[in-house]
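Here's the letter readout for the chains.
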Amino acid sequence: MTNKFYIASSFINIDRVREVSNLLKDKGFVQTYDWTQNDRAASLTDLKEIGEKELSAVLRSDFLIILLPAGKGSHIEFGIGLGQGKKIYLFSENDDIDNFETTSTFYHLDNVEKVIGTVEELVKRVTIEKG
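Please read these numbers as outputs of a predicted model, since none were measured by experiment.

**Let's talk about the overall build of the protein chain**
- Counting its secondary structure elements, the protein chain contains four helices and five strands.
- Scanning the protein chain from its N terminus toward the C terminus, one meets helices and strands in the order β-α-β-α-β-α-β-β-α.
- Rg of the C-alpha trace for the protein chain: 14 Å, near the compact-globule value of 14 Å for 131 residues, within the 12% margin.
- Along the first, second and third principal axes, the C-alpha atoms of the protein chain reach 40 × 35 × 25 Å.
- Among the 131 residues that make up the protein chain, the fraction classed as buried is 40%.
- For the protein chain, long-range pairs separated by at least 24 residues make up 66% of all intrachain contacts whose partners lie at least 6 apart in sequence.
- A total of about 7300 Å² of accessible surface is found on the protein chain, and carbon and sulfur atoms cover 52% of it.
- Charged side chains of the protein chain number 16 positive and 21 negative; the gap between the two group centres comes to 5 Å.

**Describing the nonpolar core**
- One finds Val20, Ile65 and Leu122 to be the most contacted residues of the largest nonpolar core, which totals 33 residues.
- Counting residues per element, this core draws most heavily on strand E3 (residues 63-67), which supplies five residues.
- Excluding its chain neighbours within four sequence positions, the residues that come into contact with Val20 are Ile7, Ile65, Leu67, Val119, Leu122 and Val123.

**Examining the packing of aromatic side chains**
- The full count for this structure, using the stated rule, is five aromatic pairs.
- Geometrically, the ring pair formed by Phe78 and Tyr107 is edge-to-face, given 5.8 Å between the ring centres and 75° between the ring planes. One end of the pair, Phe78, is in helix H3 (residues 72-83); the other, Tyr107, is in the loop between strand E4 (87-92) and strand E5 (112-116), with 29 residues separating them in the sequence.
- On the basis of relative accessible area, Phe78 is assigned to the buried category, the value being 3%.
- Look at Tyr107 and you get buried, because its relative accessible area is 8%.
- Just above the ring of Phe11 sits the side chain of Arg40; from NZ or CZ to the centre is 4.1 Å.
- The ring of Tyr89 carries the charged tip of Lys87 above its face, separated from the ring centre by 5.3 Å.

Procedures and definitions
- Residues numbered from 1 in each chain as written.
- Predicted model: local features only at pLDDT ≥ 70, side-chain atom pairs only at ≥ 80, totals over all residues.
- Heavy atoms only, no water.
- Helix = DSSP H or I, 4+ residues; strand = E, 2+ residues; numbered from the N terminus.
- Rg over C-alpha atoms; globule rule 2.2 N^0.38 Å.
- Buried < 20%, exposed > 50% of the residue type's maximum accessible area, 1.4 Å probe, protein only.
- Contact = heavy atoms within 4.5 Å.
- Areas by Shrake-Rupley, 256 points an atom, 1.4 Å probe, with all protein chains shown as cover.
- Lys, Arg positive; Asp, Glu negative; His and termini not counted.
- Charge placed at Lys NZ, Arg CZ, Asp CG, Glu CD.
- Core = buried A, V, L, I, M, F, W, Y, C linked by side-chain atoms within 4.5 Å.
- Phe/Tyr/Trp six-rings, centres within 6.5 Å; stacked < 30°, edge-to-face > 60°.
- Lys NZ or Arg CZ within 6 Å of the ring centre and 35° of its normal.

Right under this line is the structure:
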């Protein structure tokens, strides 16, 4: 079973990231790194250390979850996952993912599964496919 996951998102989504993480862990999934436990980086050295941990976690994961809205770091992690051929669940509560004015070409690739709706629907989709 491929059950190791990494969640990328922005600091404004910390509570939602923790919610998804806890729901998946309760179902036996393993989080490769929980960046929500970090304080905001205060130096370039901090950034480098966090970047190394996050890169390693993305590479060790079986799949990624990107919770929108997400910032530049999350989109870099998204790109690393794409480059590694990993399954990516792209989650949004609204249909911004399909808004032609704001979407990304990479959101529509074959290994990206768009999930629009609730956190519960996201977890159900991941659980059905990966559980």
